[in-house]
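# Coordinate inspection notes
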Amino acid sequence: MSRIGKMPIAIPAGVTVDVAENNKVTVKGPKGTLERNLAPELSIKIEGAEIIVERPNDLKRIKSLHGLTRTLLNNMVVGVTNGYEKVLEINGVGYRAAKQGKELNLTLGYSHPVIMIDPEGIETVLEGQNKITVKGIDKEKVGQYAAEIRGKRGPEPYKGKGIKYADEVIRRKVGKTGKK
């Protein structure tokens, strides 16, 4: 039995969960609403203040979907109650970020500024000129947008310049040495 899949998900106060046909799940909470179509093979039951995911048999496909479905549901519940955030840091001389409305303007050493527009449901907050916080209720979208920002100029191992996650550790390399 899946250790993660069989754990119940607690529904906090102020959160409503609806399961329609074909496992279309809608989770409403204080921060917003999330909808998702989950695997129709599994049964999702709401018992009291808990969500329980059960599988009908032990086929490999069904077993692999069991834990995934439970984790996706849990991410939705946590998202509408607390939300998710990723913090990015910009390192490098002359590298900085500026915000104008929904536009994130990045100066990353290219000959042109890099302009990124916040997607629907995602918000970026600047702390100073070199710290970007990506916030939202959908864990996937927050992670994806943070990865897209990081991808504009990933960190390099020699001087550590570029955009990195706040909790990321950059393995530094020794540069070339001069003649002896």
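Since this is a predicted model, take the numbers as computed values, not measurements. (Residues numbered from 1 in each chain as written. Predicted model: local features only at pLDDT ≥ 70, side-chain atom pairs only at ≥ 80, totals over all residues. Heavy atoms only, no water.)

### Digging into the pairing of strand β6 (residues 50-54)
Inspection of the sheet shows strand β1 (residues 9-10) paired to β6 by two bridges, in the antiparallel sense. Each residue of the ladder has a partner; that of Ile9, found in β6, is Ile51. Joining the antiparallel neighbours strand β5 (residues 43-47) and β6 is a turn of two residues, in which Gly48 adopts a positive phi near 65°. (Pairing = 2+ DSSP bridges. Helix = DSSP H or I, 4+ residues; strand = E, 2+ residues; numbered from the N terminus.)

### Let's talk about the sheet that holds strand β4 (residues 32-37)
The sheet built from three strands is open, its strands ordered β2-β3-β4 with antiparallel pairing. For this open sheet the edge positions go to β2 (16-19) and β4, each flanked by a neighbour on one side alone. For this sheet, the mean angle separating the axes of adjacent strands, direction not counted, is 10°. Pairing of β2 with strand β3 (residues 24-29), which is carried by four bridges, proceeds in the antiparallel orientation. When the bridges of β3 are listed, Val17 appears paired with Val27. (Axes fitted to C-alpha atoms, helices over the stretch in contact; angles between N-to-C directions.)

### A few points about the pairing of strand β12 (residues 131-136)
Here six bridges tie strand β7 (residues 84-91) to β12, and the two strands are oriented antiparallel to one another. When the sheet's bridge partners are listed, Leu88 is paired in β12 with Ile132. Pairing between strand β11 (residues 122-126) and β12: five bridges, direction antiparallel. Within the sheet, the bridge partner assigned to Val125 lies in β12 and is Thr133.

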